[in-house]
Amino acid sequence: MTFTQLRILLAVARTGNMTRAAEELNTTQSAVSHALRGLESELGLSLLVRGSHGVSLTGAGRAVHRRATLILTQLEALEQEVAAARGADTGSLRVGVIPSANARLLPRILRLYGESHPRVRLTVIEGSDGEVLDWLRTGAADVGTLTAGAVPADVAGLVTRPLATDRMLAVLPSGHALAERASVPVAELARHPFIMSTGGCEPLITALARAAGTSLRCHYRVRDTGSILAMVAEGLGVTVVPELSLPAHHPGVHAVPLEPASERTILLALPADPLPAATAFAELAGLLGTS
């Protein structure tokens, strides 16, 4: 059993696809397949289910995956600590991000971190709150961003700190009657066809409607923010999105604050025993996140 085999197993489990895993690891699909067959042969277990829709872990594969994650995380920590003791700055850092944070909040932090730690290999994985939380729990991500409220109160082994606050805004077609208002109650939005974001904000939006004593008429459910804004611009409905999700310019839509004002908090989350590179990233992000 080799570290390379374990890294390949984790990459295939994360991507669900041999080809994407090979691309991520800068190797060939045949090399990935060969390494996994060798690992399964050595262990005497089937670790993967190979189907027409991708690759998934078997029950035994999930157990091996958990141990492999721990082994590789500890190996990475050892390598980074030894490098630090030598005065070097090397290793890798996997950052799990929610889409709205990745759109406008993280790019500057990533750039400055890359400039100050040029020998650390940065990998950014984008996903929903639930996905990022799972990556942090399993070690697939070393540091991540989460929406406050998405982290269960009983979650263990995770340390969070506020990174930024983000206003929730009503987004309307430019010619919409409500677009001329200084603010818009959620109850007013409930009278119009609603385009619900499924990229992570749905629980918060639903809670806002519930607090207003209303329910939203969800005509569409869409994950990608760009698609949502295009649909609003075509007059297909209205929506609510975090301010950080909005591009600097998007023709055909107008954003208006909610009434009463509503904000969400974006958290930076790390394991209880983070990698040195993750600690350095969190320190930099803490300095830049609210600036």
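I will try to describe carefully the structure that is included in this document. (Residues numbered from 1 in each chain as written. Predicted model: local features only at pLDDT ≥ 70, side-chain atom pairs only at ≥ 80, totals over all residues. Heavy atoms only, no water.)

## Notes on the pattern of salt bridges
The cut-off we apply is this: We define a salt bridge as a contact between a side-chain nitrogen of Lys or Arg and a carboxyl oxygen of Asp or Glu at a distance within 4 Å. Helix and strand labels come from DSSP, where a helix needs a run of H or I of at least four residues and a strand needs a run of E of at least two; each type is numbered from the N terminus. When a residue's accessible area, from a 1.4 Å probe over protein chains only, is under 20% of the maximum for its type it is buried; when over 50% it is exposed; and in between it is partly exposed.
Evaluation of the coordinates by the stated rule reveals nine salt bridges. Measuring nitrogen to oxygen at the nearest pair gives 2.1 Å for the salt bridge that ties Glu-24 to Arg-14. One end of the pair, Glu-24, is in helix H2 (residues 18-25); the other, Arg-14, is in helix H1 (residues 3-15), and ten residues separate them in sequence. Taking the relative accessible area as the measure of exposure, Glu-24 reaches 39% and is therefore partly exposed. Residue classification places Arg-14 among the partly exposed positions, given a relative accessible area of 28%.

## Side note on H2
Going by this rule: Arc definition: directions from the helix axis to the C-beta atoms. What makes two residues a contact is simply this: any of their non-hydrogen atoms within 4.5 Å. By the criterion applied in these results, polar contacts are pairs of N or O atoms within 3.5 Å in which, for protein atoms, one can donate a hydrogen and the other can accept it, and in which residues neighboring in sequence qualify only through two side-chain atoms.
Those residues of H2 that sit buried are Met-18, Ala-21 and Ala-22. Viewed end-on, H2 has its buried residues packed into an arc of 100°, placing them on one side of the element. Here the buried face of H2 lies against H1, helix H3 (29-43), strand E1 (48-51) and strand E2 (54-57). Put simply, Asn-17 is the residue that caps the front of H2, since its side-chain oxygen is 2.8 Å from the backbone nitrogen of Thr-19. Phi turns positive one or two residues past the end of H2, at Asn-26, with a value near 60°.

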